[in-house]
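Structural overview for review
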Amino acid sequence: MEKKETFAEVFEARGVKRRDFLKFCSLMSVYLGLAPTMVPRIVSAMEKKPRIPVIWLHGLECTCCSESFIRSSHPIVADIVLNMISLDYDDTLSAAAGFQLEEIRKKIMKEYKGKFILAVEGNVPLKDNGVYCTINGESFLDVLKETAADAMAVIAWGSCASFGCVQSARPNPTGATPVHKIIKNKPVVNVPGCPPIAEVMTGVITHFLTFGKLPDLDRLKRPKTFYGVRIHDKCERRPYFDAGMFVESFDDDGARKGWCLYKMGCKGPTTYNACSSIKWNEGVSFPIGSGHPCLGCSEPDFWDNGPFYTRRADVSFVGVNSNADKIGVVAVGAAAAGMAAHAIGTAIKKGTSESKTVETEED
Amino acid sequence: MAKRIVVDPVSRIEGHLRIEAVLDGNNTIKEAYSSGTMWRGLEIILKGRDPRDAWAFTQRICGVCTTVHALASIRCVEDALGVEVPPNARIIRNLMNATQQTQDHLVHFYHLHALDWVDVVSALSADPAEASRIAQSISPWPKSSVGYFKDLKARLQAFVDSGQLGIFSNAYWGHKGYLLPPEVNLIAVAHYLEALDFQKEIVKIHTVFGGKNPHPNYLVGGMASAINLNSDRAINIERLNLVKKIIDDTITFIDQVYIPDLIAIAGYYKGWLYGGGLGNYLAYGDFPEKSVNDPNSFLWPRGAILNKDLNTIYDVDPKDMSQVKEEIAHSWYTYSNGNGKGLHPWEGETNPQYTGPQPPYKYLDVDKKYSWLKTPRWKDNPMEVGPLSRVLIQYAKGDPMIVDTVNYVLKTLNVGPEALFSTLGRTAARGIECKQTAGFMLHFYNQLMENIKSGDVRTFNDRMWDPERWPSECQGFGFTEAPRGALGHWIHIKDQKIADYQIVVPSTWNASPRDGKGRSGAYESALKGTPMDDPNMPLEILRTIHSFDPCLACASHIMDMNGNEITTVKIS
């Protein structure tokens, strides 16, 4: 580990032209939502920093986060794992296995003490001495705590690591517990979603590499860039909600015309994620865009907020209990009034969500 | 003097798998023990929920084979409720399934399995001109110039020189078991990277119809993606054109990259024919051309082979209570009526009771219970499931495409059909099957176009959507052939809620611990008799285990609920 290349050197060594390197940096700035004036800073950062080692642990999970990660289109994952980071430990992609793989983990922890990123996919079964997930005879809890102790920062991939996800759904038989409730003395960034969007995952990493710090986080430790706004507020079907035009049954006339899925149980109005802006798989579509209601998979406890095809809650405002039907009627009759009603309902709904935030933090 | 080795974690798989092996004085594997070391308890979680939501829960069993549980789940709920889906929904599901198979096999070959055959470091001594000559001699794939390989070699050299080897760190490079010349290693590394980039294109078909990948959306009664040729917010000609382009590119990639690489690599390993194992093969079949209730219409037939006898294909009925049963003699569970007897999934139980060593531990006590996986049996036989099973059943039944392709591969490699019963045979079968499923993608696309042209745009049957129309009690069976093999879901619905739900998963068949009679499952059986060059570098073990494409999150059991509450868990 004597020689540590910078990104620029790596790009150069791999035959990437200077012009393409600068173009990459510009694209990154656009992607990260930064002003053009920030481009030189990205260039500078990429030229000076060595590749940061990443240890990627797997606990109770389904590997959908890893699969999403390798779907990233910008940057592509080969560039990330070969040119930007040093993915030294990952059950899914590492060539080595068994004790050789465990040796790498110990070596990185020692040689890069305080200088590597710990990425965690999945969560930790706390019940019964951790027997529900062991790696090389050790409980995942011990492996996680040991590794995190020397990490610079922790990225909690997906809803499992961030909030608990499916194995922590009622009644949570294994005591599955998200990372931030166990690792309290390190910076943790939650990247929820089941899985998170590929470019959100690679965006979080490149943000860290570029600026040397985690992106700004909200109260649930989520990057504001990607989780700051509800899916509903950027949804291409939003005008139909406002106009009171709803799908009443799958494959009905409204479904074929792309009307709003709220009555089919869509959780877009209560879900903070980038699905309706960045979209999925290089912008091809997103769940609502392909006719299925949002499951709310990036929200805490979304598995217990179902059933999925049932409207979650009536939109209530100013002491009046209303719902999508009534808002629709209002909207058809007086569009302006309907819009106003929805706006207030939205504000209240957001308030509800934030009060839930507090509960989640405290429990 | 016997030696015991442990491989844990087994990397380049899904989930948490541990292999313990006992070697004889010549370093040949005498006994092997396969243990799933993770359990999530989803069965308890599903109980009492809306059956229409079950696909989403079960889909999260696995994000690698990210559609298969959803498909099996909606089929079992539809079976219970007596719902037939419209032709478009059946065709779209088949297209998505073929897409999954093709992408999953491609990723498995290059990113989870290739490094058992390909020495990355050896590629550094390759002659780019010779690599180019070889590449052009086996395929018309355009990225095969001298300059291309020269550039790749330089990039690889710079990467190694950086001292940060990342995913290639501390592996088994230079092991005597690697037999490829440097030039073929370089070609394989090139295609490792190209396949990593290309695989993300294939799954965009899931995104078109299911909104995202991993974990696209499914729907009981049909598919949610409506078809409307007069709307830009539904499946229209632009969406269909995108799907068609991806299919064309996929067929090209499989034909010009995967298959030539597979044959080239296999040519160097045709003398390494270990890992055959059980010789018993099972498939539920899939890709219904008519109803899922009409197995005769399946493009992949249902059936079983015993003792490598390709002259007899046995009928398989997963609803027959006497055929598929799960045992727990060596699994960390108990059954309420005694642990000695197997149970059909419709009467199955999951009462976890961990009796293994407390972590941290060095070895498992393999004479007792040693895995979170149960032990499924078909008519009391241990069975292998997966691509080799499906290819053998089709080969035995005389499917023309499979017979031609298998014979072509055998002839090119100059080996007899007995070579199929091996680790290499399993790996070859996956490639042959991948070529077949890429063809299925086009087949189902054409079917979809024909059906839309005929004026049928329906994608959903709402007859049983409303739970008020459901019987007070019913049960169903759903299935699919996952990339890793036969997958079955069994559901019991009572008062509009899930009362019981049980799954028997491909990797449970293959990775299971011993049964009550001490008989091994497919992994354990396949490892026996394999000589190891260096017990500290378990390349041979990884090669054979990876040839099954393990998926442990699926296998570590999972779903079945008979009202057994987990509060009875006891730790000895």
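Residues numbered from 1 in each chain as written. Chains lettered and ligands numbered in written order. Predicted model: local features only at pLDDT ≥ 70, side-chain atom pairs only at ≥ 80, totals over all residues. Heavy atoms only, no water.

Right, let's talk about the sheet that holds strand β13 (residues 485-494) of chain B for a bit. Residues and elements named next belong to chain B. Strand order in the open sheet formed by three strands is β12-β13-β14, with antiparallel pairing between adjacent strands. With one partner strand each, in any of the chains shown, β12 (473-482) and β14 (497-504) form the two edges of the open sheet. Taking each pair of neighbouring strands and ignoring which way they run, the sheet shows an average axis angle of 15 degrees. As defined by bridge partners, β13 adjoins β14 across seven bridges and the pair is classed as antiparallel. Across the sheet, residue I493 finds its bridge partner in β14, namely I498. Against the sheet, helix α3 (residues 68-81) contacts β12, β13 and β14, and its axis sits at roughly 150 degrees relative to β12. (Pairing = 2+ DSSP bridges. Helix = DSSP H or I, 4+ residues; strand = E, 2+ residues; numbered from the N terminus. Axes fitted to C-alpha atoms, helices over the stretch in contact; angles between N-to-C directions. Contact = heavy atoms within 4.5 Å.)

Quick look at the interface of chain A and chain B now. It is common to give the size of an interface as the accessible area that goes away when the parts come together. Contacts between the two partners involve 91 residues from chain A, matched on the other side by 104 residues from chain B. Of the roughly 8200 Å² buried between chain A and chain B, counting both surfaces, carbon and sulfur atoms make up 57%. By the criterion of area lost to chain B, the three top residues of chain A are R71(A), A95(A) and R256(A), representing 8% of everything that side buries. Between chain A and chain B we count two salt bridges in total. Across the pair R49(B) and D304(A) runs a salt bridge whose closest N-O atoms are separated by 2.8 Å. Put simply, chain A and chain B have 51 residue pairs in polar contact (both at pLDDT 80 or more) between them. At the level of secondary structure, the elements contributing two or more residues to the side of chain A that touches chain B comprise β1 (52-58), α4 (64-69), α5 (77-84), β2 (85-90), α6 (98-111), β5 (134-135), β6 (138-139) and α12 (253-256) of chain A. In terms of residue count, α6(A) provides more of the side of chain A that touches chain B than any other element does, seven residues in total. (Buried area = accessible area lost by both parts, 1.4 Å probe. Salt bridge = Lys/Arg side-chain N within 4 Å of Asp/Glu carboxyl O. Polar contact = N/O pair within 3.5 Å; in protein donor to acceptor, adjacent residues only side chain to side chain.)

This part is about the domain arrangement of chain A. Residue and element names in this part refer to chain A. Split by domain assignment, chain A resolves into domain 1 (50-227) and domain 2 (231-304). A straight line from the C-alpha centre of domain 1 to that of domain 2 covers 29 Å. Taken residue by residue, the interface counts 21 residues in domain 1 and 16 residues in domain 2. Inspection of the region where domain 1 meets domain 2 yields two salt bridges. R222 serves as the salt-bridge partner of E299, at 3.4 Å between the closest nitrogen and oxygen. Every element with two or more residues in the side of domain 1 that touches domain 2 is listed here: α9 (198-211) and α10 (224-227). (Domains from an automatic or database assignment.)

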